[in-house]
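# Architecture and fold: a report
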Amino acid sequence: MDRIDATNELSFRVGFTGHSGHLKIEPLPPVESPNPLNSVPDFILPPAFPKETPESIKEYIEEKYLLPRLDPDVFSPEKAGRQWEFDWFEKAKIHLEPSLPRSVMVPTWELPFRRPRRGSELEKYEPRSVQVDVSEVTVGAEDSGALPRISGPAKDFVKGSINNRPFRPGGLDDSQSLGRVLPDGASNGEWVWEVLNGGPAQTIPPSFKQGVDLGNLKAHSYSWKVYDNQGAVKSMSDAAKPNPLSVQFDDLFKKAWEEDVTELTADGHISEPEAEAEANELELDKPSVPLRSEVNKLDMTFDVFDKESSVLDEILSVESEVLTSRLDGAGDGGDQQPTEAWAVYGGTEVIANNFYDLVPDMALDFPFELDTFQKEAIYYLEKGDSVFVAAHTSAGKTVVAEYAFALASKHCTRAVYTAPIKTISNQKYRDFCGKFDVGLLTGDVSIRPEASCLIMTTEILRSMLYRGADIIRDIEWVIFDEVHYVNDVERGVVWEEVIIMLPRHINIVLLSATVPNTIEFADWIGRTKQKEIRVTGTTRRPVPLEHCIFYSGELYKVCENEKFISLGFKAAKDAHKKKNMNTAGGSTGSYPVLSSGAHDGGRGQKRDNSIRGKQSKHSGSRNPGNSSGAGWANQNNGGGQRNFGSWRSEASVWLLLINKLLKKSLLPVVIFCFSKNRCDKSADNLTGTDLTSSSEKSEIRVFCDKAFGRLKGSDRNLPQVVRVQSLLRRGIGVHHAGLLPIVKEVVEMLFCRGVIKVLFSTETFAMGVNAPARTVVFDTLRKFDGKSFRQLLPGEYTQMAGRAGRRGLDKIGTVVVLCRDEMPEESDLKHVIVGSATRLESQFRLTYIMILHLLRVEELKVEDMLKRSFAEFHAQKKLPEQQQLLMRKLAQPTKAIECIKGEPAIEEYYEWHAEAEMYSNQLLEGVMQNSVSQQFLLPGRVVVVKSHSAQDHLLGVIVKSPSANSKQYIVLVLTPDLLSNFEAPLDGDLQNKRSADFQILMPKSKRGLEDEYYSSVTSRKGSGVVNIKLPHRGNAAGVNYEVRGIDNNEFLSICNFKIKIDQVRLLEDVSSAAYSKTVQQLLDLKSDGGKYPPALDPVKDLRLKDVNLVEAYYKWNNLLQKMSQNKCHGCVKLEQHLRLAKEIKRHKEEVNALKFQMSDEALKQMPDFQGRIDVLKEIGCIDTELVVQIKGRVACEMNSGEELICTECLFENQLDDLEPEEAVAIMSALVFQQKNTSEPSLTPKLSQAKQRLLDTAKRLGELQANFNVQVEPDEYAQENLKFGLVEVVYEWAKGTPFADICELTDVPEGLIVRTIVRLDETCREFRNAASIMGNSALYKKLEIASNAIKRDIVFAASLYITGI
């Protein structure tokens, strides 16, 4: 800005400074007259040096700084991809910026009327200054962490360091940022009030002794007009407009004024009707005295409100305030979209029609017309929004990723592309190399990490986020490809971790196949990151698909345009039936061994049983997938002739299929077999098939010579390399995980060139390679998922079928399901082809390394990670509703119980009552259903019966036991005194009104002994007739009684007393004297202080054996005795007070339940978290205060193996007595993954090391099981330690050729290479751990081991990276 002349000629200028645009006042010196000495140059070149010209300076700068040259010997093409430890940033010699200050001085603001009084009115108020951390006064600092955090060393710029703090995840407690920017009082209107009131302005900055002299500021007359909303101001007439010096607080400080002045509506607390809000004005003509009085009143009012709302403040967390700030209505993937939600869907047509007007200057031009969803995604990328694109395979999702790269290059920022598979990363690196400044970061390769566009695996990005790599500051976009991979059980958690940990300034681009719950997943991401996610995509395929069944040499179309064709399936079914009839009649046909046995109605069931039997047989083999012929494939296990027939059958099936596809011009074709062994056997069956022309053979031979020419001599002649080359020359390829990496890349590149006509592949080809074909064939629709055989899921089928149809080449893609001797059910086939894709489900689980990384940083809690996982999404989504419900329940008036006998004791009585009910229910099945107890339930036995009115339990006596006529006991019980509307005893004339259950007199011949009874007084035999209507009520001896029918489960206690009763006079004669006598006997038993008679001893009398039942029985009887002695017992208001106590108790329980649901303890994985914390404490990774110790820091380095086993192995010095070759061999057990392999032959030293490591794993498994972590010790050891390649790695480290080590095991060559490559990464992690521990000897040993395994074909550079 220009100079500003202030009072007393002190000039200054105002400018902006810093990333956040803080105002800065800089005093300027007074204007000086020109000094001739200033024009003299500071330095004059001596004559000995030539004069510098602009051209010479430009040449020097270009030569020294702009044209760096690499050493041609080090960076030759032959050695590309082998620079493992080259540090680009150390060579670049980047100068670090000076560190930022850690703290600053800020003033503390106090309200004017709360300031200490001065001795005189002229004395100026000087605020106190306090020292605070920079992060507390920096806008957004707690979110990005970029400003207050000091940059680390250059070598940790990309991968970070265990000593760094992770950047604060976006969307985490954003509500606190505004409150930390300015001190209290600076964000509301108090200082304006004070200055306009004539008070002294603050001119001395914090920590300064003297400030700017502004002269004498005079007070101006003014009037305050305070409005609650903008509508009142707009509706003012011109005559009533405020003068220029009045301040409208609804415009200037709306937020602060709403907090301090506007209406408060909180369940009956201070409120102000909206109708009066617009007319409410505070006229303050002389503010000096009225101002303080008004503010005091306001302050007192808010104090009252604060006291009443303090309970809510303790319950509602900061996060809930953020969540309630937005309306939420996004359903679980529903069609209706709310007006305001985190996942926003729609607006496609408007954007597509006006795309070039909305985006006139595109960052990247495309040579083709963009699809509608691509235009929409690009438009939102230009706006800086996060985007979720869901579309089918080959629909063009990569266009969105390319545009994000282009935007990053245009904005001079960085973009990161993450993929689930390393093959995708390598292929994308090759595709993007010619368009952008691209780098590649995987576990074993690091190429140009300083590039603006980085391609990496998702695990690398997770490691960078946890280790706080400084490169995170520069990232603008993170692109997640194949997001549906989040459903992967093993690695799906990585996607959730990365999404949660991304800082606020990073935008997200998600590319996924079509899934049913796209909106739901996007809503979770938006809610987690507190930013809108734009959802777009298409369900239309660029190349439509047709689905066919291939059976007996013919193709039957069963689906077209996503509609199932039943007629086509019926035709295939009829052909299958016709062929089976011919086979059963003796016709051999072309399939000599396709079927066996009768083809009757039970054939399918027999077939399934045989399949299951063969599956279980093969499940123990070295490769369970080898038996994937199950289902609709041919299986034969017989002698030599049978196997020869099976081979001929398989060969004929493939020849029929390929000839059919060749005639219909449906090649090239990808045939998906769900077994590595089956892929190889199927390709070997086509011995006489040649599908390539002479020019294609020449192209294949030249390409293979170039690719394999970089291998050393012995590696070029490996059996796998020779075999695959012979197949490739005939146009046949094989692709699966058992192939060497360089062989797989050769197959992929040749297939993309179109010279491979038939490719046998596993399903990884559909996920990891972008290589569409004309046709896709499914060998079977069943697969082995690692545990059992199952049908393909619709999502898996769609993923693989999407490889059919080449955009721009084919009008339609063909998908073929191969059927041999079995035809699938129509419902199963329809479900697989047109069924709904698999929903995105959370696979989030806690890991020890995740817990340790989060415990390293105090700002991040594990509970925050759990809350934000996709698994807890729906529970967290309900938080605002639960908070509102809690506020309403807390605002309800509490009901008080007024006791007529003094101090209320109903709470205690109700607790006993509820506890007694619990024990009663426990005892009903135990004691009352016991056969011994039934022997005591005879007439005359005193019992305690459950009361229907819940007032008191009733004392009674059994009058009649159950009989064939009635399954109930007839019991006389004493009822409470307040029951007055009882029935009078029935006389003989009322016998006609008896209950139907008790008035039927059984014939004597059919009556049992239990139906006849004798009177103990008259000795007269009764007839068995009950002449009273149940329930029968009356009064005798001044007490109400009732005779009722009672089921067995209504008895609460069997007393140890038995009284004499007259059954005949009670039930037949209905004698008042008999009832009086019986009631009196019961009263005599109850006369002792109102107590119940003691119950039968459960051990001596009832002979109960269950210890828990006996204990419960005693406790229950003690409660009954306590209840009878309580003053509430027998109270006339007992029932009313019990209802009130129950309601109060229920209200408290509901409030506590809501608090629990809103707390961290309600998280699903909280018990697992507590158990894992206890395990980490036990082994010493953390202390009792949850502070990470050195052992925990070592565990944080372990990413490739199980972190606890690796850490214990290091701290127990298990590698110290081993040679480098032996150490790396034992370490292979941590990364090798195949379960069933041949047993290796180990040296005694290796066998001892193996047993030692196995014992450690079992001990850790037992420890976790003891702390309730869901781990089975033996299974834990077997899952995390697999010693199948120990011998192979040992020989490889000793220098044995690759061809020789392949003979030592039955593990495929590709898995051997993959294990050794991962082992190099494990060595690097162990070296970092050794440096943390200070073990230099182990560091050097592991460095030697790493160098020993990095050689030859195992570490050959990728063809995608180096090119051909």
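Residues numbered from 1 in each chain as written. Predicted model: local features only at pLDDT ≥ 70, side-chain atom pairs only at ≥ 80, totals over all residues. Heavy atoms only, no water.

## Observations concerning the overall build of the protein chain
Rules: A helix here means a DSSP run of H or I that spans at least four residues, while a strand means a run of E at least two residues long, and both kinds are numbered starting from the N terminus. Three labels apply to residues, based on accessible area from a 1.4 Å probe with only protein chains included: buried if under 20% of the type maximum, exposed if over 50%, partly exposed otherwise in between. Residues count as neighbours in contact if any of their non-hydrogen atoms are within 4.5 Å of one another. Note on areas: Shrake-Rupley, 1.4 Å probe, and residue coverage restricted to the protein chains presented here.
A count of helical and extended segments in the protein chain gives 52 helices and 30 strands. Counting over 1364 residues, the protein chain shows a buried share of 49%. In the protein chain, 74% of the contacts between residues at least 6 apart in sequence involve partners at least 24 apart. Total accessible area on the protein chain is roughly 67,100 Å²; 51% of this is exposed by carbon and sulfur atoms.

## Some remarks on the pairing of strand S24 (residues 813-818)
The following threshold applies: The rule for pairing is simple: two strands pair if DSSP sees at least two bridges between them.
Among the six residues of S24, six are classified as buried, and the element is accordingly described as predominantly covered. Both strand S21 (residues 775-778) and S24 contribute to a ladder of four bridges, which runs parallel. Paired with Val776 across the strands is Val815, a residue of S24.

## Side note on the sheet that holds strand S14 (residues 533-538)
To be explicit about the condition: Lines are fitted to the C-alpha atoms to define the axes, a helix being fitted only along its stretch in contact, and any angle between axes, read from their N-to-C directions, falls within 0 to 180 degrees.
Across the sheet, which stays open at both edges, the nine strands sit in the order S6-S14-S7-S13-S12-S8-S11-S9-S10 with mixed pairing between neighbours. Sheet topology places strand S6 (343-345) and strand S10 (446-447) at the edges, where each strand pairs with a single neighbour. Bridge analysis of strand S9 (residues 438-441) against strand S11 (residues 453-457) gives four bridges, and the strand direction is parallel. Paired with Leu440 across the two strands is Ile455, which belongs to S11. Along the sheet, helix H16 (residues 398-410) makes contact with strand S7 (386-391), strand S8 (414-419), S11, strand S12 (475-480) and strand S13 (507-512), crossing S12 at roughly 170°. Sheet contacts for helix H17 (residues 422-432): S8, S9, S10 and S11; angle to S11, the most-contacted strand, approximately 165°.

## Let's talk about the pairing of strand S29 (residues 1039-1046)
The buried count for S29 comes to seven of eight residues, which makes it a mostly enclosed element. Note: strand S27 (residues 969-974) against S29, six bridges, orientation antiparallel. Counterpart to Leu974 in the pairing with S29 is Tyr1041. Of the strand pairs in this sheet, strand S28 (residues 1032-1036) and S29 are connected by five bridges, and their pairing is antiparallel. The partner of Ala1036 across the bridge, within S29, is Val1039. Here S28 folds back onto S29, and the loop between the two strands holds two residues, one of which, Ala1037, carries a positive phi near 55°.

## A closer look at the nonpolar core
For clarity, the cut-off: In these notes, a set of buried Ala, Val, Leu, Ile, Met, Phe, Trp, Tyr and Cys residues joined through side-chain atoms within 4.5 Å is what counts as a nonpolar core.
In this structure, Phe480, Phe521, Phe778 and Phe1298 are the most contacted members of the largest nonpolar core, which totals 234 residues. Broken down by element, the residue count for this core peaks at 10 residues, all from helix H50 (residues 1309-1333). Excluding residues within four positions of it along the chain, Phe1298 makes contact with Asp715, Leu718, Leu740, Trp1292, Glu1309, Ile1312, Val1313, Ile1353 and Val1354. If you look at the next biggest cluster of nonpolar residues, it comprises 62 residues, including Leu955, Ile970, Val1039 and Leu1138.

## Observations concerning the environment of Ala377
Counting through the fold element by element, Ala377 comes out in helix H15 (residues 372-383). Along the backbone, Ala377 and Ala404 are 27 residues apart, and their C-alpha atoms lie at a distance of 9.9 Å. Leave out the neighbours within four places in its chain, and Ala377 touches Val387, Val389, Val400 and Thr536.

## Details of helix H46 (residues 1244-1266)
Rules: Expected helix span is taken as 1.5 Å per residue step, with the number of steps being one fewer than the number of residues.
Along its 23 residues, H46 runs 33 Å from first to last C-alpha, staying within 8% of the 33 Å computed at 1.5 Å per residue. Turning to H46, its buried residues number three or more, namely Leu1246, Ala1249, Lys1250, Leu1253, Leu1254, Thr1256, Ala1257, Leu1260, Gly1261, Leu1263 and Gln1264. On the buried face of H46, the contacting elements are helix H32 (848-856), helix H42 (1166-1179), helix H44 (1203-1211), helix H45 (1220-1227), helix H47 (1273-1280) and helix H48 (1286-1293).

## As for the packing of aromatic side chains
The line we're drawing: Put simply, two rings from Phe, Tyr or Trp (the six-membered ring, in Trp's case) pair if the centres are within 6.5 Å, and we call them stacked under 30 degrees between planes, edge-to-face over 60, tilted for the rest.
Applying the stated criterion to the full structure yields 22 aromatic pairs. Judged by centre distance (5.3 Å) and plane angle (55°), the rings of Tyr379 and Tyr380 are tilted. Of the two residues, Tyr379 and Tyr380, neither departs from the other in class, the shared state being buried. Judged by centre distance (5.9 Å) and plane angle (90°), the ring pair of Trp1292 and Phe1298 falls under edge-to-face. Given the relative accessible area of 1%, Phe1298 is considered buried. Joined through ring pairs, the aromatic side chains of Phe388, Phe521, Trp524 and Phe870 make up one cluster.

## Some words on the side chain of Glu1197
Its place among the elements puts Glu1197 in the loop between helix H43 (1190-1195) and H44. Look at Glu1197 and you get buried, because its relative accessible area is 5%. Aside from chain neighbours lying at most four places away, what touches Glu1197 is Ile162, Arg467, Glu1325, Asn1328 and Ile1332.

## Some thoughts on unusual backbone geometry
For residues that are not glycine, phi is negative in most cases, and the peptide bond is trans in most cases. Here the bond from Leu667 into Pro668 is cis, since omega is 5°, no more than 30 degrees from zero. Turning to its location among the elements, Pro668 is positioned in the loop between helix H23 (640-663) and strand S18 (669-672). Residue Pro1031 is bonded to the preceding Leu1030 through a cis peptide linkage, with omega at -5°. Its place among the elements puts Pro1031 in the loop between S27 and S28. Despite not being glycine, Ser552 shows a phi value in the positive range, around 55°. Position of Ser552 among the secondary structure elements: in the loop between strand S15 (545-551) and strand S16 (554-560).

## A word on the pattern of salt bridges
As a reminder, the rule being used: Basic side-chain nitrogens of Lys or Arg form a salt bridge, by our definition, when they fall within 4 Å of a carboxyl oxygen of Asp or Glu.
This model, assessed by the stated rule, comprises 49 salt bridges. Note that Glu554 and Lys660 form a salt bridge whose closest N and O atoms lie 3.4 Å from each other. One end of the pair, Glu554, is in strand S16; the other, Lys660, is in helix H23, and 106 residues separate them in sequence. Take Glu554: its relative accessible area is 38%, and that puts it in the partly exposed class. According to the relative accessible area criterion, Lys660 is buried, its value standing at 18%. In this structure, Asp690 engages Lys697 in a salt bridge whose closest nitrogen and oxygen atoms are separated by 2.7 Å. Asp690 gets classed as partly exposed once you look at its relative accessible area, which sits at 42%. Overall, Lys697 belongs to the partly exposed group, its relative accessible area being 23%.

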